[in-house]
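This is what each chain is made of:
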Amino acid sequence: MNSELTAYITLICTSGVFNLFLLLYVIIKRHHYTNISRLFILNTAFITIYCFASAFGLMSTTLEQMKFWTIIQYVGFPFSPPVGLLFIMHYLGYEITKKRCIALLIIPFISLIMVATNDLHHLHYRVFELDANLGAPYIHLEIGIWYMIHGVFTFACMFVAFLLVLSRWKETTKVYRPQFISLLCGQLVPILTAFLYLIGLTPPGIDPVPMVLWLSSLLYLWSISSSRMFTIMPIAKDAIFNSINDGVYKLRSGGSDNRERRNTVPVIE
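This write-up is about the structure you can find in this document. Bear in mind that the values here come from a model prediction, so they are computed numbers and not experimental data.

Time to look at the overall build of the protein chain. Secondary structure assignment for the protein chain yields eleven helices and two strands. Element order for the protein chain, N to C, with α for helix and β for strand: α-α-α-α-α-α-β-β-α-α-α-α-α. Counting all 269 residues of the protein chain, 44% fall into the buried class. Taking contacts inside the protein chain between residues at least 6 apart in sequence as the whole, the part at least 24 apart equals 71%. With an accessible surface of roughly 14,200 Å², the protein chain has 67% of that area assigned to carbon and sulfur atoms.

Encoded structure:
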């Protein structure tokens, strides 16, 4: 194993360990958080599976091993963007219904099945073989029709989540902005990395996305521990409504009760 490949595996394992730590951290403290943490736990679990499966894939020595770990990657990878979108929607106050959940998870389930049965139809990967020049564990891929559908859906989920957070930036009070920064960067890092991979500006034969996911996990951990991301309501309209109520209440009652109301922190139900 050359030093370059060792560096790739180390970065991916770092992402896996950081996300596993984040997952366990939120699970242990979940009783102190609101229900929104459940979607975050699920999303982090999918990312953890994706990272460790990618690392094991890079330690493979045969094509069969590489195919196996690619299937395991798809147990986590395709589900993370839609679950992440659901988390952002819940965070911003959108209603999360069973129909929306099912609609967002249909394509990831199909993608998992497509990858697991790709040798029968080649709809996801037209070609999946060892790189002729680099050898194992580098892969030469030619994408199929379902890969394109899956890719568009994945990018759409991440991009929509990014835009939803960005759309609330101007109307959000300063107390919530550290949370918004972590969420924006957490979405932007994998989007940019995946885009660079698709246009061929990353090392050939290797998925670079899991190498950078430790950045997102660090930002989320910072936001959870320092700005109470799972306990303070981030909805700007509610913050504005509370401010208006405070002003009206001050005019009516003289100010002492108003100070008490200002110290009350709204939480997500």
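Residues Leu123, Ile143, Ile145, Met148 and Ile149 make up a contiguous nonpolar surface patch of roughly 410 Å² in combined accessible area. Counting residues per element, the nonpolar patch draws most heavily on helix 7 (residues 145-167), which supplies three residues. Inspection of the secondary structure assignment puts Ile145 in helix 7.

Close approach of charged atoms lets side chains of opposite charge pair. Counting across every chain of the model gives two salt bridges. Here Lys67 and Asp119 are joined by a salt bridge, their closest N and O atoms 3.2 Å apart. Taken together, the positions of Lys67 in helix 3 (residues 63-76) and Asp119 in helix 6 (residues 118-121) put the pair 52 residues apart, joining distant regions of the chain. Of the charged contacts, one joins Arg126 and Glu142 as a salt bridge, the two residues approaching to 3.1 Å between their closest N and O atoms. With Arg126 in strand 1 (residues 125-130) and Glu142 in strand 2 (residues 139-143), this residue pair connects regions lying 16 residues apart in the sequence. Relative accessible area serves as the criterion here: at 29%, Glu142 is assigned to the partly exposed category.

Moving on: the packing of helix 4 (residues 80-91) against helix 5 (residues 98-116). For the pair helix 4 and helix 5, interaxial distance at closest approach is 9 Å and the crossing angle is 160°. With respect to each other, helix 4 and helix 5 are oriented roughly antiparallel. In this structure, helix 4 crosses over helix 5, and the sense of that crossing is right-handed. Every residue of helix 5 that contacts helix 4 at Pro82, Val83, Leu85, Leu86 and Met89 is listed here: Arg100, Cys101, Leu104, Leu105 and Pro108. When grouped by side-chain class, the residues that make up the contact of helix 4 with helix 5 number nine nonpolar, no polar and one charged.

For the rest of this paragraph, the subject is helix 3. Between the first and last C-alpha of helix 3 there are 21 Å, a value that for 14 residues agrees with the 20 Å anticipated at 1.5 Å per step. The complete set of buried residues in helix 3 reads Met66, Thr70, Gln73, Tyr74 and Gly76. The buried residues of helix 3 occupy an angular sector of 145° when projected down its axis, which confines them to one face. The inward-facing, buried residues of helix 3 contact helix 2 (36-58), helix 4, helix 5, strand 1, strand 2 and helix 7.

Turning our attention to the side chain of Gln179. By secondary structure assignment, the location of Gln179 is in helix 8 (residues 177-198). Residue classification places Gln179 among the buried positions, given a relative accessible area of 0%.

Counting across every chain of the model gives 14 aromatic pairs. Through a chain of ring-to-ring contacts, the aromatic side chains of Phe40, Phe87, Tyr91, Phe180 and Tyr220 assemble into a single cluster.

So, how was this worked out
Residues numbered from 1 in each chain as written. Predicted model: local features only at pLDDT ≥ 70, side-chain atom pairs only at ≥ 80, totals over all residues. Heavy atoms only, no water. Helix = DSSP H or I, 4+ residues; strand = E, 2+ residues; numbered from the N terminus. Buried < 20%, exposed > 50% of the residue type's maximum accessible area, 1.4 Å probe, protein only. Contact = heavy atoms within 4.5 Å. Areas by Shrake-Rupley, 256 points an atom, 1.4 Å probe, with all protein chains shown as cover. Patch = residues over 30% accessible without salt bridge, like charges linked within 9 Å, V, L, I, M, F, W, Y side chains within 5 Å. Salt bridge = Lys/Arg side-chain N within 4 Å of Asp/Glu carboxyl O. Axes fitted to C-alpha atoms, helices over the stretch in contact; angles between N-to-C directions. Parallel < 35°, antiparallel > 145°, perpendicular 65-115°, else oblique. Left-handed = near helix turned anticlockwise from the far one by under 90°. Nonpolar A, V, L, I, M, F, W, Y, C, P; charged D, E, K, R; others polar. Expected span 1.5 Å × (residues − 1). Arc of directions from axis to C-beta. Phe/Tyr/Trp six-rings, centres within 6.5 Å; stacked < 30°, edge-to-face > 60°.

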